[in-house]
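An overview of the molecular structure
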Amino acid sequence: MSLSAKFTKVLLAVAVWGIANQAYGQTNHALQYEQVRIFVDTTLCPLHETYVSNDSLTVAFYYATMFFPELCANQIHLKYGSIKTSMAAQPRIWSIFRKREKRKYKIVVNKNSQSAQAKLLHAAPFDALIGVMGHEMSHVLDYSKKSGWQVAWFGIRYLGKNYRRKVERQTDSIAIMRGFGEQLYRYSFFVVREADVSEKYRQYKLDFYMKPEEIYEMMKNIEVDH
């Protein structure tokens, strides 16, 4: 039985760091965590499949997809691929000009296990992986709202650093609004403060994505609004 078929027949359970309370750190904004368990029903969106042989990434993928019910009608696959970053969400090229509800997407994981980007995923805490998946699913959500020509134009504009920075920060905001604030904070904090990565890569994350403090502030503002 394939890995994806196996997971569609059972509930997945895994320990994940969750928020223990609302008392955020005063100096480094580090959130306080305790171990909780999440259960993922993979039958909710049967078109979503994973071809990645990593239990943590698989569960993080299925868990994140549960927060985007409007994407259940689309095929979304988690796959390995040759990419320069650790993970990337992409529409399948030949499906771009289909009707939006018929489009297919993939979330690609760096297949080079020796690359710094792939090692970062293996070293990240599980809750941080959920934050990454929430970010990538937010990209898919954005693609799903664009016409085929808009998606194509997006791909061209994304090559520019200023536009890429704008897109990635907006995508972080979408993920936070969808409920991935704590997990996204954990990933950002991990990369910026804890991970064994080059200073060049760390600076890239700081330049193009929301910083831990910015995520923290946005989360606080959402709480105040509610």
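The structure under discussion appears in the preceding block.
Residues numbered from 1 in each chain as written. Predicted model: local features only at pLDDT ≥ 70, side-chain atom pairs only at ≥ 80, totals over all residues. Heavy atoms only, no water.

1. Quick word on the pairing of strand S6 (residues 104-110)
Buried residues dominate S6, accounting for six of its seven residues. Here seven bridges tie strand S4 (residues 75-81) to S6, and the two strands are oriented parallel to one another. Within S6, the residue paired with Lys-79 across the bridge is Val-108. (Buried < 20%, exposed > 50% of the residue type's maximum accessible area, 1.4 Å probe, protein only. Helix = DSSP H or I, 4+ residues; strand = E, 2+ residues; numbered from the N terminus. Pairing = 2+ DSSP bridges.)

2. Here's the deal with the environment of Phe-180
Relative to the helices and strands, Phe-180 is located in helix H6 (residues 161-194). When the C-alpha positions of Phe-180 and Asp-127 are compared, they lie 9.6 Å apart, and in sequence the two are 53 residues distant. Contacts of Phe-180, omitting those with residues within four sequence positions, involve Ala-64, Phe-67, Phe-68, Ile-130, Gly-134 and Ala-175. (Contact = heavy atoms within 4.5 Å.)

3. Thoughts on the state of the cysteines
Under the definition given, this model contains one disulfide. Through a disulfide, Cys-45 is tied to Cys-72; the S-S separation comes to 1.8 Å. Linking Cys-45 in the loop between strand S2 (33-41) and strand S3 (48-50) with Cys-72 in the loop between helix H2 (55-65) and S4, this pair joins segments that are 27 residues apart in sequence. You can call Cys-45 buried: its relative accessible area is 7%. (Disulfide = S-S within 2.5 Å.)

4. Notes on the sheet that holds S3
Strand order in the open sheet made by the four strands is S3-S4-S6-S5, with mixed pairing throughout. Sheet topology places S3 and strand S5 (87-91) at the edges, where each strand pairs with a single neighbour. If you compare each strand with its neighbour and ignore which way they point, the axes differ by 20° on average. Its contacts with the sheet put helix H4 (residues 126-144) on S4, S5 and S6, and the angle it makes with S5 is roughly 20°. (Axes fitted to C-alpha atoms, helices over the stretch in contact; angles between N-to-C directions.)

5. Quick look at H4
Between its first and last C-alpha, H4 extends 27 Å over 19 residues, near the 27 Å set by a 1.5 Å rise per residue. Judged by how many residues are buried, H4 sits mostly within the fold: 18 of 19 residues are covered. (Expected span 1.5 Å × (residues − 1).)

6. Section: the environment of Tyr-62
Positionally, Tyr-62 belongs in helix H2. What makes Tyr-62 buried here is its relative accessible area of 2%.

7. Focus: H6
With 34 residues, H6 should reach 50 Å at 1.5 Å per residue; the first-to-last C-alpha distance of 26 Å falls well below that figure. Remark: the principal bend of H6, roughly 125°, maps to Phe-180. (Bend = angle between axes of the 7 residues up to and from the residue.)

8. With respect to the packing of H6 against helix H7 (residues 199-208)
Contact geometry of H6 with H7 gives a least axis separation of 8 Å together with a crossing angle of 110°. Comparing the axis directions of H6 and H7 gives the class roughly perpendicular. Side by side, H6 and H7 meet where Lys-161, Arg-164, Arg-165, Glu-168, Arg-169, Tyr-187, Val-191, Val-192 and Arg-193 of the first sit next to Tyr-201, Arg-202, Tyr-204, Lys-205, Leu-206, Asp-207 and Phe-208 of the second. The class makeup of the residues in the contact of H6 with H7 is seven nonpolar, no polar and nine charged. (Parallel < 35°, antiparallel > 145°, perpendicular 65-115°, else oblique. Nonpolar A, V, L, I, M, F, W, Y, C, P; charged D, E, K, R; others polar.)

Functional significance is not addressed by these values, which are geometric in nature.
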